Amino acid sequence: MTAEKYVKEVAKLLKCRASKKREIKDKLLSEITGAVAAGESLEDVLAKMGIPWDFANRYNDNFDKEEKKAAKHEKTLKIWGIVLIVIAIIIGIIYWYMPKWSDISESTVFDEDEVRAAAEEIIVLYSDDAYAEVVAYMTDDMKEVLNAPTLELSKAQLATADFGTLQSFGQMYISEAKQAAKRYAMVQVSVAYSNTSIAYTLTFDEEMKLAGFYLK
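The rules behind these values
- Residues numbered from 1 in each chain as written.
- Predicted model: local features only at pLDDT ≥ 70, side-chain atom pairs only at ≥ 80, totals over all residues.
- Heavy atoms only, no water.
- Axes fitted to C-alpha atoms, helices over the stretch in contact; angles between N-to-C directions.
- Helix = DSSP H or I, 4+ residues; strand = E, 2+ residues; numbered from the N terminus.
- Parallel < 35°, antiparallel > 145°, perpendicular 65-115°, else oblique.
- Left-handed = near helix turned anticlockwise from the far one by under 90°.
- Contact = heavy atoms within 4.5 Å.
- Nonpolar A, V, L, I, M, F, W, Y, C, P; charged D, E, K, R; others polar.
- 1 Å grid on protein atoms, 1.4 Å probe; cavity = no way out; pocket = protein on both sides within 12 Å on 5 of 7 lines; lining within 4 Å.
- Points joined across faces, edges and corners; volume = space filled by probe spheres on them.
- Core = buried A, V, L, I, M, F, W, Y, C linked by side-chain atoms within 4.5 Å.
- Buried < 20%, exposed > 50% of the residue type's maximum accessible area, 1.4 Å probe, protein only.
- Patch = residues over 30% accessible without salt bridge, like charges linked within 9 Å, V, L, I, M, F, W, Y side chains within 5 Å.
- Areas by Shrake-Rupley, 256 points an atom, 1.4 Å probe, with all protein chains shown as cover.
- Salt bridge = Lys/Arg side-chain N within 4 Å of Asp/Glu carboxyl O.
- Phe/Tyr/Trp six-rings, centres within 6.5 Å; stacked < 30°, edge-to-face > 60°.
- Lys NZ or Arg CZ within 6 Å of the ring centre and 35° of its normal.

Q: Just to check I follow, could you spell out the packing of helix 2 (residues 18-37) against helix 3 (residues 42-49) for this structure?
A: A pair of packed helices is captured by two measures, namely the crossing angle of their axes and the spacing between those axes. At a closest axis distance of 9 Å, the pairing of helix 2 and helix 3 adopts a crossing angle of 135°. One finds that helix 2 runs oblique with respect to helix 3. By crossing handedness, the relation of helix 2 to helix 3 is classed as right-handed. Together, L28, I32, A35 and V36 of helix 2 and L42, V45, L46 and M49 of helix 3 make up the contact between the two elements. For the contact of helix 2 with helix 3, a count of residues per class yields eight nonpolar, no polar and no charged.

See below:
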């Protein structure tokens, strides 16, 4: 064991303030270095001092209550400091992954007219039971969740399975969401049919692939 490592082990076991530890470390290292310079071997010097645990406890037994109390308070503050840093990192990560919304007109990635046209086309295809064509618009991840049969089933499970003919599109709300390093365009629109009205929410990735399809 080197002198530096021995001193470091002792310091870790000291129940005092950091400033006091530095003071003891400097003194202890100086004493060891001086003894070796005087002709003693490092092994003999460390053997006389004993194992770090015992040597540290000689100091600990002599620290007064105020020093121990200050050390405990300093340790508590350090722990809370670490906790707060971890919380700040977690909050930062959550914020990074939380979607941040902005108006589509401010987007540098999406063209509003292109998004609008794609949304209308997909809704028309779905309305006409052209499920395979809707799937063709999807991202690979979406295709693992939805396919033509599941899209057909989703329509059958609605209260009014027979939408009737498509009458008109309501006002279309389009926004951009930034999530982590990715951007998405989200479209929300109510569509009137002869037998019912359906609210659609469609999400497109940066390549204008369908990344989300929800209706109610």
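After that view of the structure, there is still more to cover.
Q: Got a minute to help me understand the layout of surface pockets in this structure?
A: Within this model, the largest pocket holds a volume of roughly 440 Å³. Forming the boundary of the largest pocket are 15 residues, of which L14, C16, K21, A71 and K75 lie nearest the centre. Counting residues per element, the ones that place at least two in the lining of the largest pocket are helix 1 (3-13), helix 2 and helix 5 (65-97). Ranked by residues supplied to the lining of the largest pocket, first place goes to helix 5 with six residues.

Q: When you look at the nonpolar core in this model, what are you seeing that I'm missing?
A: Note on soluble globular proteins: their nonpolar side chains tend to be buried together. Ranked by internal contacts, the top residues of the largest apolar core, which has 33 residues, are Y126, L151, Y200, L202, F204 and F213. When contributions to this core are tallied by element, the ones reaching two or more residues are helix 6 (112-127), helix 7 (131-136), strand 4 (182-193), strand 5 (197-204) and strand 6 (210-215). Here the element with the most residues in this core is helix 6; it accounts for seven residues. Setting aside anything within four residues of it in sequence, one finds F213 in contact with I122, Y126, M142, L146, L151, Y200, T201 and L202.

Q: It is not clear to me how the environment of E144 should be interpreted in this structure. Could you clarify?
A: Positionally, E144 belongs in the loop between helix 8 (140-143) and helix 9 (148-156). Measuring from C-alpha to C-alpha, the distance between E144 and S30 comes to 68 Å, with 114 residues separating the pair along the chain.

Q: What am I meant to see in a nonpolar patch on the surface here?
A: A contiguous nonpolar patch, built from I79, W80, V83, L84 and I87 and spanning about 480 Å² of accessible area, is present on the exposed surface. On the secondary structure map, I79 appears in helix 5.

Q: Would you mind going over the packing of helix 1 against helix 4 (residues 52-60) with me for this structure?
A: Remark: helix 1 packs on helix 4, axes separated minimally by 8 Å, with the N-to-C direction vectors making an angle of 50°. Classified by the angle between their axes, helix 1 and helix 4 sit oblique to one another. Handedness of the crossing formed by helix 1 with helix 4: right-handed. Across the interface between the two elements, Y6, E9, V10 and L13 from helix 1 touch P52, W53, F55, A56 and N60 from helix 4. Of the residues contributing to the contact of helix 1 with helix 4, the split by class is seven nonpolar, one polar and one charged.

Q: Whenever I open this one, the packing of aromatic side chains confuses me. Can you help?
A: Each aromatic ring pair is described using two quantities: the centre-to-centre distance and the angle formed by the ring planes. Under the definition given, this model contains nine aromatic pairs. Relative to Y193, the ring of F163 has its centre 4.9 Å away and its plane inclined at 50°; by these criteria the two rings are tilted. Of this pair, F163 sits in the loop between helix 9 and strand 2 (166-169) while Y193 is found in strand 4, placing the two residues 30 residues apart along the sequence. Neither F163 nor Y193 differs from the other in exposure class; each is buried. Ring geometry for Y200 and F213: centres 6.1 Å apart, planes at 55°, overall tilted. Taken together, the positions of Y200 in strand 5 and F213 in strand 6 put the pair 13 residues apart, joining distant regions of the chain. The exposure classification of Y200 matches that of F213, with both residues buried. Cluster of aromatic residues (ring-pair linked, three or more members): Y126, Y131, F163, Y193, Y200 and F213. The ring centre of Y126 lies 4.7 Å from the NZ or CZ of K155, which sits over that ring. For the cation-ring pair, K155 lies above F163, with the distance from its terminal atom to the ring centre recorded as 5.0 Å.

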